[in-house]
Amino acid sequence: MESVIKLDNTIEFQVALAKNGDKDAFARIIRQHKESMYRVAKSILNIEEDVEDAVSEAILKAYIAIDSLKSNSMFKTWIIRIVINESNNLLRKRKKIITLDNVYMDNEGIEDKHKDICLYEAINSLDEELRVTTILFYFDDMSYRDIASILDIREGTVKSRLNRSRKKLYLLLKEE
């Protein structure tokens, strides 16, 4: 009986249910990954409304295409890739409309567990490729392999980006 209960809580089982049309299972999976999705979108987009739009659009696309997910255990990697794509699409659209430098919006209504403003400012000052890699590794505890899969790069590239990111963050934070 206990093994059945444990099986019901696995991501693989929840994804299987979602693939079979269980909307509640899909909602549970999304709730489980919403912080990761938000952090990744926020690392690419600065405007809160854009972050919400990118995450919402990613959720909708994931719901529609859940059957295309080949390995149920890879759901997080898959959904994060969709969030990155949607964030980049929205960023490209926004750049066509208007260019604003250093726009900063408060995260009203969102409790952020990581309140070290200096660290966030330093991370946000990194190039996008370093910023996204850093967020995925340190805030979402993703492995080199998963990050490489999401970003469609080699594991060695992930390691070198993290190394460059650490060096830049060290210099930025050392100045403060």
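Just so we're clear, the structure is a prediction, and the values are computed from it rather than from any experiment. (Residues numbered from 1 in each chain as written. Predicted model: local features only at pLDDT ≥ 70, side-chain atom pairs only at ≥ 80, totals over all residues. Heavy atoms only, no water.)

1. Observations regarding the packing of aromatic side chains
In step 1: Enumeration according to the criterion identifies 4 aromatic pairs in this entry.
In step 2: Each ring, one from Phe75 and one from Trp78, has its centre 5.7 Å from the other, and the planes form 55°; the classification is tilted. With Phe75 and Trp78 both in helix α5 (residues 75-97), this residue pair falls 3 residues apart, about one helical turn.
In step 3: Centroid distance Phe137 to Tyr138: 4.8 Å. Interplanar angle 85°. Geometry classified as edge-to-face.
In step 4: For Phe137, a relative accessible area of 21% puts it in the partly exposed group.
In step 5: Within the aromatic cluster, the residues linked to one another by ring pairs are Phe137, Tyr138 and Tyr144. (Phe/Tyr/Trp six-rings, centres within 6.5 Å; stacked < 30°, edge-to-face > 60°. Helix = DSSP H or I, 4+ residues; strand = E, 2+ residues; numbered from the N terminus. Buried < 20%, exposed > 50% of the residue type's maximum accessible area, 1.4 Å probe, protein only.)

2. Notes on the nonpolar core
In step 1: Ranked by internal contacts, the top residues of the largest apolar core, which has 37 residues, are Phe75, Ile80, Ile84 and Leu136.
In step 2: Broken down by secondary-structure element, the contributors of at least two residues to this core are α2 (11-19), α3 (23-44), α4 (48-65), α5, α7 (128-139), α8 (144-151) and α9 (155-175).
In step 3: In terms of residue count, the dominant contributor to this core is α3 (9 residues).
In step 4: If near-sequence neighbours (up to four positions away) are discounted, Ile80 is found in contact with Ser36, Met37, Val40, Leu136 and Ile150. (Core = buried A, V, L, I, M, F, W, Y, C linked by side-chain atoms within 4.5 Å. Contact = heavy atoms within 4.5 Å.)

3. Description of the side chain of Arg131
In step 1: Turning to its location among the elements, Arg131 is positioned in helix α7.
In step 2: Lacking a salt bridge, the buried Arg131 has Glu128 as its closest oppositely charged neighbour, with an N-O distance of 4.6 Å.
In step 3: Only 3.3 Å separates the side chain of Arg131 from the backbone oxygen of Asn124, close enough to count as a polar contact.
In step 4: Not counting chain neighbours up to four residues away, the residues in contact with Arg131 comprise Ser43, Ile44, Ile123, Asn124 and Leu126. (Lys, Arg positive; Asp, Glu negative; His and termini not counted. Salt bridge = Lys/Arg side-chain N within 4 Å of Asp/Glu carboxyl O. Polar contact = N/O pair within 3.5 Å; in protein donor to acceptor, adjacent residues only side chain to side chain.)

4. As for α3
In step 1: Of all the bends found along α3, the most pronounced is centred on His33 and spans about 55°.
In step 2: Residue Asp22 occupies the N-cap position of α3, its side-chain oxygen lying 3.0 Å from the main-chain nitrogen of Asp24. (Bend = angle between axes of the 7 residues up to and from the residue.)

5. Regarding the pattern of salt bridges
Two side chains carrying opposite charge are able to pair once their charged atoms lie near each other.
In step 1: Evaluated as defined, the whole model comprises 7 salt bridges.
In step 2: In this structure, the salt-bridge partner of Asp140 is Arg39, at a minimum N-O distance of 2.4 Å. Here Asp140, found in the loop between α7 and α8, pairs with Arg39, found in helix α3; they are 101 residues apart in sequence, far enough to count as distant.
In step 3: A relative accessible area of 4% places Asp140 in the buried class.
In step 4: Here Glu129 ties to Arg161 by a salt bridge, and the two come within 3.4 Å at their closest N and O atoms. Here Glu129, found in helix α7, pairs with Arg161, found in helix α9; they are 32 residues apart in sequence, far enough to count as distant.
In step 5: A relative accessible area of 37% places Glu129 in the partly exposed class.

6. As for α8
In step 1: Within the sequence span of α8, burial applies to Ile147, Ala148, Ile150 and Leu151. Taken down its axis, α8 places every buried residue within 165° of arc, on the same side. (Arc of directions from axis to C-beta.)

7. Side note on the packing of α3 against α4
In step 1: Running from N to C, α3 and α4 point in directions that differ by 145°, and their axes come no closer than 10 Å. Where α3 crosses over α4, the handedness of that crossing is right-handed. Between α3, through Lys23, Phe26, Ile30, Met37, Tyr38, Ala41 and Lys42, and α4, the contact on the second element is made entirely by Glu48, Val51, Val55, Ile59, Ala62 and Tyr63.
In step 2: Among the residues making up the contact of α3 with α4, the classes are represented as 10 nonpolar, no polar and 3 charged. (Axes fitted to C-alpha atoms, helices over the stretch in contact; angles between N-to-C directions. Left-handed = near helix turned anticlockwise from the far one by under 90°. Nonpolar A, V, L, I, M, F, W, Y, C, P; charged D, E, K, R; others polar.)

8. Quick look at unusual backbone geometry
In step 1: In the Ramachandran plot, Asp141 falls in the positive-phi region, its phi being about 50° despite a non-glycine side chain.
In step 2: With respect to the secondary-structure elements, Asp141 resides in the loop between α7 and α8.
In step 3: With relative accessibility at 66%, the residue Asp141 sits in the exposed group.
In step 4: Within the chain, Asp152 stands out as a residue other than glycine whose phi angle is a positive 60°.
In step 5: Tracing the chain through its elements places Asp152 in the loop between α8 and α9.

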